[in-house]
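Examination of the molecular architecture
For reference, the chains in residue letters:
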Amino acid sequence: MKIIAINGSPRKNWNTAALLKCALEGAASVGAETELIHLYPLNFKGCASCFSCKRIGAVRVCALRDDLAPVLEKLGSADAVIFGSPVYLMSVTSELKACLERFVYPYITYMKEKASHFPRMLPTAFIYTSGAPQGLIEQVRAGLNPCEGLMDRVFYEKPEALFSYNTWQFQDYDKYEHSAFDLGDKAKQKDEQFPRDCEAARQLGARLAQRAKELAAG
């Protein structure tokens, strides 16, 4: 059983990556093999609108051959996938959006008979981080719902979602403009809430792996 986490953040060792690592720890605790893939070092673009994946009898995998191609092959054979991203302009990062275009679109059909060509149920989850305080979460959520809805349509299961808010963005706030932030609240979030978010991510990973086990067992 293989669980893959996709880091859509440009940072390999910050909030989003930390939560994804915790989720994979949770998956590993119930016997899953895990892998964390960072998108930003890869050279790739989003969908090129070539429609190769929409031809009659086509192989339902993106035809573009670049650094993302082997990642898409891994995602297609994974038993569960966790996508992670900070919130940029009310949505996921452009790197994760491009990855989702390339991964999800080949399975979407233009047919009345069925909505997806994906051959099985695939458990998925999203982990989001945001520097915004909790009170702005509902506004942010509206921009993220379409990505989650696609998972439900294409992979036949509603994804789980975990949101970590008011995150600590800079190592040294004295070097940056930050008057809109209450550093006391941010420090409290970093010291008290973020460890709880990490534990929630572990539990999410364990649930996702357990669901993958159930599906594999039929």
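Scroll up to find the structure this text is about.
Below you will find a few notes about this structure.

Considerations on the overall build of the protein chain
Each helix and strand in the protein chain was counted, giving 5 helices and 5 strands. For the protein chain, whose C-alpha radius of gyration is 18 Å, the value lies close to the compact-globule estimate of 17 Å for 218 residues. Taking all 218 residues of the protein chain together, the buried fraction comes to 47%. Put simply, the protein chain shows about 11,000 Å² of open surface, and 52% of that area lies on carbon and sulfur atoms.

A look at the packing of helix α1 (residues 15–28) against helix α5 (residues 183–217)
In contact at an axis separation of 6 Å, α1 and α5 are set at 45 degrees when each is read in the N-to-C sense. The pairing of α1 with α5 is recorded here as oblique in orientation. Considering the relative orientation of α1 and α5, their crossing is right-handed. Packed against α1, whose contacting residues are Asn15, Ala18, Leu19, Cys22, Ala23, Glu25, Gly26 and Ala27, the element α5 presents Phe194, Asp197, Cys198, Ala201, Arg202, Gly205, Ala206 and Ala209 at the interface. Looking at the contact of α1 with α5 residue by residue, the classes come out as 10 nonpolar, 3 polar and 3 charged.

Some remarks on helix α2 (residues 69–77)
Within the sequence span of α2, burial applies to Ala69, Val71, Leu72 and Leu75. For α2, the angular spread of buried residues about the axis comes to 155 degrees, placing them on one side. Lining the buried residues of α2 we find β1 (2–7), β2 (33–38), β3 (80–86) and α3 (94–104).

Description of the pattern of salt bridges
What the rule picks out here adds up to 11 salt bridges. Notably, a salt bridge pairs Lys97 with Glu101, separated by 3.1 Å at the nearest N-O pair. With Lys97 and Glu101 both in helix α3, this residue pair falls 4 residues apart, about one helical turn. Taking relative accessible area as the criterion, Lys97 reaches 37% and is therefore assigned partly exposed.

Rules behind the numbers
Residues numbered from 1 in each chain as written. Predicted model: local features only at pLDDT ≥ 70, side-chain atom pairs only at ≥ 80, totals over all residues. Heavy atoms only, no water. Helix = DSSP H or I, 4+ residues; strand = E, 2+ residues; numbered from the N terminus. Rg over C-alpha atoms; globule rule 2.2 N^0.38 Å. Buried < 20%, exposed > 50% of the residue type's maximum accessible area, 1.4 Å probe, protein only. Areas by Shrake-Rupley, 256 points an atom, 1.4 Å probe, with all protein chains shown as cover. Axes fitted to C-alpha atoms, helices over the stretch in contact; angles between N-to-C directions. Parallel < 35°, antiparallel > 145°, perpendicular 65-115°, else oblique. Left-handed = near helix turned anticlockwise from the far one by under 90°. Contact = heavy atoms within 4.5 Å. Nonpolar A, V, L, I, M, F, W, Y, C, P; charged D, E, K, R; others polar. Arc of directions from axis to C-beta. Salt bridge = Lys/Arg side-chain N within 4 Å of Asp/Glu carboxyl O.

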